[in-house]
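Report on the structure
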Amino acid sequence: MIETFSKKPKKSIVLIPCYNEAQNIRKLIPAIFKFEKNIDILIINDDSEDDTKEVAQKLAKKYIATLKNKNRIFVLNRIKKRGFGFSYIDGFKWALAKDYDFILQMDGDFSHHPKYLPVFLKQMKNYDLVIGSRYFKKKINTKNWNTKRLILSILANFYAKVITRLPINDLTGGFKCFKRLVLETIDLDKISAKGFAFHIEMNWLVYKAGFKIGEIPITFFSRKHGKSKLSFNIIKEGLWIPIKIIIKNSHFLF
């Protein structure tokens, strides 16, 4: 007689760091559930000055009632705004304290379309980290992005690739899915980047740890509401972090 074992369904959660994203998350949350019904959501409110906190809490209560007291939306309110890099770290730690198998991350401004969520989860059979790539097979997939931001993004990505030599098309992209083991293995407390360089630093640590990284093509959309959080300090950090990585890990490359 062959003994059979029932496979426990994999649990997934998507982390959404928010700073003044009240207008966007009102529509983003329903859109996420439209494309991926079996996923939880963690909204990480980074001390927003608008009513992001209130909107997030109302949505959480609304879906508890809709789903017969099953909590699917969680809100993590951070008191001090320190950048989305640290928001993600707090979110990762929160998710790791639960029983999630796959932990995704996406922007709260609709630049990352929820329609890709099922694609990410399907690819987790093959990879430990899957990245949604705007620059896939030498193609640029962006929509309604102004020329200045597009050029800056392309240059930042090219610069990071040249310095780090990582075999990844989109090093600065923030639409990702991690297996639990990846985040358990990385020392999250040693990550220093606050802005988009956080993605470069995470990619490096995942690659250095020997995990398998894959990419899927996505179209990146311009934000629907609100202002970009890009600043001079974030750009400066993006120039320094790749160099810092190489200095600290020169023995790994040479």
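Residues numbered from 1 in each chain as written. Predicted model: local features only at pLDDT ≥ 70, side-chain atom pairs only at ≥ 80, totals over all residues. Heavy atoms only, no water.

**Section: the overall build of the chain**
Across its full length, the chain carries nine helices and 11 strands. Split into buried and exposed, the 254 residues of the chain put 49% on the buried side. Within the chain, counting contacts between residues at least 6 apart in sequence, those at least 24 apart form 80% of the total. In the structure as shown, the chain presents an accessible area of about 13,600 Å², 56% of it carried by carbon and sulfur atoms. (Helix = DSSP H or I, 4+ residues; strand = E, 2+ residues; numbered from the N terminus. Buried < 20%, exposed > 50% of the residue type's maximum accessible area, 1.4 Å probe, protein only. Contact = heavy atoms within 4.5 Å. Areas by Shrake-Rupley, 256 points an atom, 1.4 Å probe, with all protein chains shown as cover.)

**Thoughts on the side chain of S48**
You can see S48 is positioned in the loop between β2 (40-46) and α2 (52-66). Given a relative accessible area of 15%, S48 falls into the buried group. Polar contacts involving the side chain of S48 include one to the main-chain amide nitrogen of N20, which spans 2.9 Å. A polar atom in the side chain of S48 sits 2.6 Å from the side chain of N45. Excluding its chain neighbours within four sequence positions, the residues that come into contact with S48 are C18, Y19 and N20. (Polar contact = N/O pair within 3.5 Å; in protein donor to acceptor, adjacent residues only side chain to side chain.)

**As for unusual backbone geometry**
Although it is not a glycine, D47 sits at a positive phi angle of roughly 55°. According to the relative accessible area criterion, D47 is partly exposed, its value standing at 39%. The phi dihedral of F110 falls on the positive side, at around 75°, and the residue is not glycine. For F110, the location among the structural elements is in the loop between β4 (102-105) and α4 (117-123). For F110, a relative accessible area of 10% corresponds to the buried category.

**Things to note about helix α3 (residues 84-96)**
When the terminal C-alpha atoms of α3 are compared, their 18 Å separation across 13 residues agrees well with the 18 Å that a helix rising 1.5 Å per residue should span. Of all the residues in α3, the buried ones are G85, F86, S87, Y88, I89, G91, F92, A95 and L96. (Expected span 1.5 Å × (residues − 1).)

**Here's the deal with the packing of aromatic side chains**
Within this structure, the stated rule accounts for seven aromatic pairs. Note on Y88 and F92: the rings are 6.0 Å apart at their centroids and 20° apart in plane angle, and the pair reads as stacked. One end of the pair, Y88, and the other, F92, are both in helix α3, four residues apart, so they sit about a helical turn from each other. With a relative accessible area of 0%, Y88 lands in the buried category. Ring geometry for Y88 and F198: centres 5.8 Å apart, planes at 10°, overall stacked. Residue Y88 is found in helix α3, and its partner F198 is found in helix α7 (residues 197-208); the two are separated by 110 residues along the sequence. One aromatic cluster is present, built from ring pairs that chain together Y88, F92, F178 and F198. The aromatic ring of F220 is capped on one face by R134, whose charged end is 5.4 Å from the ring centroid. (Phe/Tyr/Trp six-rings, centres within 6.5 Å; stacked < 30°, edge-to-face > 60°. Lys NZ or Arg CZ within 6 Å of the ring centre and 35° of its normal.)

**Structural notes on the nonpolar core**
Ranked by internal contacts, the top residues of the largest apolar core, which has 36 residues, are L15, F92, I103, F178, L188, F198 and M202. Looking at this core, the elements with two or more residues in it are β1 (12-18), β2, α3, β5 (129-133), α5 (147-164), α6 (180-185) and α7. Apart from residues no more than four positions distant in its own chain, L15 is found in contact with L42, I44, Y88, G91, F92, I103, L104, Q105 and M106. Among the nonpolar cores identified, the runner-up in size contains 33 residues, and C18, L59, F102 and V130 belong to it. (Core = buried A, V, L, I, M, F, W, Y, C linked by side-chain atoms within 4.5 Å.)

**Points about the sheet that holds strand β3 (residues 73-78)**
Taken in spatial order, the seven strands make up an open sheet running β3-β2-β1-β4-β9-β5-β10, and their pairing is mixed. Looking at strand neighbours, the two that pair on one side only are β3 and β10 (213-217), the edges of this open sheet. Strand after strand, the sheet turns through a mean of 20° between neighbouring axes, direction not considered. Alignment of β4 against strand β9 (residues 176-179), held across four bridges, turns out to be antiparallel. Counted as the bridge partner of I103 is F178 from β9. The sheet contacts of α7 involve β4, β5, β9 and β10, and relative to β9 the element is tilted by about 35°. (Pairing = 2+ DSSP bridges. Axes fitted to C-alpha atoms, helices over the stretch in contact; angles between N-to-C directions.)

**Let's talk about the packing of α3 against α7**
Two numbers describe how α3 lies on α7: the axes approach to 9 Å, and their chain directions differ by 45°. If you check the angle between α3 and α7, you find them oblique. Between α3 and α7 lies a crossing of right-handed hand. Contact with α3, carried on its side by F84, G85, Y88, I89 and F92, involves F198, H199 and M202 of α7 and no other residues of that element. Residues belonging to the contact of α3 with α7 are distributed by class as follows: six nonpolar, two polar and no charged. (Parallel < 35°, antiparallel > 145°, perpendicular 65-115°, else oblique. Left-handed = near helix turned anticlockwise from the far one by under 90°. Nonpolar A, V, L, I, M, F, W, Y, C, P; charged D, E, K, R; others polar.)

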